[in-house]
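# Commentary on secondary and tertiary structure
Below are the chains, spelled out letter by letter.
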Amino acid sequence: MHHLSEQELIRRENLQKLREAGFEPFPSEGVDVNATAREIREKFADGDSTYQDVTLAGRLMSKRIMGKASFGELQDSTGRIQIYVSRDEICPDEDKTLYNEAFKKWFDLGDFIAVRGFAFYTQMGECTVHVREIKLVSKSLRPLPVVKKDDEGNVYDAFTDPEQRYRQRYVDLVVNDHVRDVFVKRTRMYSSMREYLNAKGYLEVETPILQPLYGGAAARPFTTHHNTLDMKLYLRIANELYLKRLIVGGFDGVYEFSKDFRNEGMSRFHNPEFTQIELYVAYRDYNWMMSLVEEMVEKVAIDLHGTTRVQVGENVIDFKRPWKRYTMYEAIQHFTGIDISEMDEDELRNTARTLHVHVDGTMGKGKLIDEIFGETCEGNLVQPTFITDYPVEMSPLAKKHAGKPGLVERFEAICNKKEICNAFSELNDPIDQRQRFEAQLELGKRGDEEAMVLDEDFLRALEYGMPPTAGLGIGMDRLAMIMTNQPSIQDVLFFPQMKPEKDPSQVKETGE
RNA sequence: GAUCUGAUAGCUCAGUCGGUAGAGCAAUACACUUUUAAUGUAUGGGCCCUGGGUUCAAGUCCCAGUCAGAUCACCA
């Protein structure tokens, strides 16, 4: 038990007093809620006969006591509504304990209450529930931060400390109403994409998170151990190779919202666990997939905001189709004026140095191009833009370009200076795929901790034959950041990863 | 991993040259039957993140650490 503050002690005393007076602070029966705060505020018109017998439940968030009458605010999942409580109405008989003691003294801010009454407008024009019955349905033993707003919408004493907000998201959600909106939008984003993909007939599937071999991306994995099988397992870094096995198995289109895990650095854009949607569609290529991405993300923007235009920080991002398309070479030429398409490795390295791009001796041609692009182009791309045709060295799972040697049929969409998706015509030539894996093994031997491992079962699947396939991955967290205008990945994850708080057992015990 | 910034009451924050710990909201008590950042009066509430050091004296200065945020590096 932690040290109890003065306010916590008072709440425990109030709980005891309620019990002694016969008001059970944690009753077991339910509440027949038949209205919400938002519904009443939006639909109740003064003088009409609606909402004349409503039951609401939620937290008591403020109390303004004026003798025999009081105002308060009840907050349910839809928002707040004012309640009016008068002594002689909730206590029609001689015994005024419910009002004088329980409501005025023992009900604390944050307690869950249920009220039954009727809607009306006060003289001040505030939509209010006139309470005839009030009941405590669950006691709150800790004081919530009290955030107040005035008529002009100015917020006072906002609960803003990021550490507390992330560690105690439940408190953040109770007192910061905009936080709820972010997560509701995030979920709506998922529904919007599901709707879109299901309408096309693609199958939502689930594939293993615990994998004996990790693959499908270049990243360091988390490892774990299965006791009964006595084997090492990895938490997936991607589900690509499993979804492609399903295309081998005969599905035309499969997708999965995949929680992936990467044991790497953390930042505003990186959480150790994050979510991607991956989608694979048979008999399609990357050009076709580009159109799908445009259409789907445009739909997401409209479903969330009613428009293709989304405010993100200082910028308004317009997801209206079609998006700009550059090949990687064109993008570099556009932003630097230099045509690198015919350059060999030495020329690329010199160009990189001229552009003040950091290079080292281990970088091959593909890596050099990627570095030049990342340094000179990405930061300029605010509006959604497709970058196509990547160097083969960087893309061991993508099909070689039909007409451009050294490149693969791959694209990324860049938006707000960050990659939001990655897609390619999937490599389905098992012999080529084996060679690409072997090249990765070489990188691994040279110490590249992120090199891919050779997946013999995946190759076996390809050898049975995989139709030409277009594949896509979209970072759901990154997209959610854009769609909800949040600066940090932690703001779109309910429970972002944090170091543990101070060991509670070392906190000195006192009190009771 | 590097640099910078921060940690003081339940919340948001002040705290001067190193000299008894402050405000607003919240809490407690009283008043008040249409208030709304309700109001008025009074009252209580602190391991100043942790551990060392300097000093007659440390919330304040110095060193080390913990946690967090930002920037950079790393990284799909």
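Scroll up for the structure.
The model shown is predicted, which means the values in this text are computed figures rather than measured ones. (Residues numbered from 1 in each chain as written. Chains lettered and ligands numbered in written order. Predicted model: local features only at pLDDT ≥ 70, side-chain atom pairs only at ≥ 80, totals over all residues. Heavy atoms only, no water.)

Within chain A, the secondary structure is distributed over 15 helices and 20 strands. Over its C-alpha atoms, taken along the principal directions, chain A stretches across nearly 95 × 55 × 50 Å. Counting across all 512 residues of chain A, residues that qualify as buried make up 47%. Restricting the contact set of chain A to residue pairs at least 6 apart, pairs at least 24 apart contribute 63%. (Helix = DSSP H or I, 4+ residues; strand = E, 2+ residues; numbered from the N terminus. Buried < 20%, exposed > 50% of the residue type's maximum accessible area, 1.4 Å probe, protein only. Contact = heavy atoms within 4.5 Å.)

The environment of RNA strand B is formed by 54 residues, the closest being Glu6, Arg262, His270, Arg410 and Glu412. Here RNA strand B approaches the protein such that, of its atoms within 4 Å, sugar and phosphate make up 60%. Here a sugar or linking oxygen of RNA strand B and a backbone polar atom of Lys149 are 3.3 Å apart. Gln490 is positioned such that a nitrogen or oxygen atom in its side chain is 2.5 Å from a phosphate oxygen of RNA strand B. (Near = heavy atom within 4 Å. Polar contact = N/O pair within 3.5 Å; in protein donor to acceptor, adjacent residues only side chain to side chain.)

Applying the stated criterion across every chain yields a total of 42 salt bridges. Across the pair Glu298 and Arg321 runs a salt bridge whose closest N-O atoms are separated by 3.1 Å. Of the two residues, Glu298 is situated in helix α9 (residues 286-305) and Arg321 in the loop between β15 (315-318) and β16 (324-327); the sequence distance between them amounts to 23 residues. We classify Arg321 as partly exposed; its relative accessible area is 37%. One connected set of salt bridges, linked through shared partners, spans Arg165, Arg169, Asp172 and Asp491. (Salt bridge = Lys/Arg side-chain N within 4 Å of Asp/Glu carboxyl O.)

A word on the side chain of Thr308. By the secondary structure assignment, Thr308 is in the loop between α9 and β14 (309-312). At 2.7 Å, the side chain of Thr308 and the side chain of Asp318 are in polar contact. With near-sequence residues (within four places) excluded, Thr308 lies in contact with Glu298, Ala301, Ile302, Ile317, Asp318, Phe319 and Lys320.

This paragraph deals with helix α4 (residues 97-106). Turning to α4, its buried residues number three or more, namely Leu98, Tyr99, Ala102, Phe103 and Trp106. Summarising the axial view, the buried residues of α4 lie within an arc of 150°, below the 170-degree limit, and thus occupy one face. The inward-facing, buried residues of α4 abut α1 (6-20), β1 (54-66), β2 (69-76), β3 (79-86), α3 (87-90) and β5 (127-138). (Arc of directions from axis to C-beta.)

Counting 50 residues, the largest nonpolar core has Met189, Met193, Met289, Phe319, Leu472 and Met483 as the members making the most contacts within it. Take this core: its biggest share by element is 10 residues, from α9. Beyond its immediate sequence surroundings of up to four residues, Phe319 is in contact with Val297, Glu298, Ala301, Thr308, Val310, Pro384, Cys415, Ile482 and Met483. By size, the runner-up hydrophobic cluster in this structure holds 41 residues, among which are Val254, Ile340, Met363 and Leu381. (Core = buried A, V, L, I, M, F, W, Y, C linked by side-chain atoms within 4.5 Å.)

Moving on, we come to the packing of aromatic side chains. Scanning the entire structure with this criterion turns up 15 aromatic pairs. Taking the centre distance of 4.0 Å and the plane angle of 15° together, the rings of Phe183 and Phe494 count as stacked. Residue Phe183 is located in helix α7 (residues 177-199), and its partner Phe494 is located in the segment after α15 (476-483); the two are separated by 311 residues in the primary sequence. Geometrically, the ring pair formed by Phe494 and Phe495 is tilted, given 6.1 Å between the ring centres and 40° between the ring planes. Overall, Phe494 belongs to the partly exposed group, its relative accessible area being 39%. Residue Phe495 is classed as exposed on the basis of its relative accessible area, which comes to 59%. Each residue in the set Phe71, Tyr84, Phe118 and Phe120 is aromatic and connected to the rest through ring pairs, giving one cluster. (Phe/Tyr/Trp six-rings, centres within 6.5 Å; stacked < 30°, edge-to-face > 60°.)

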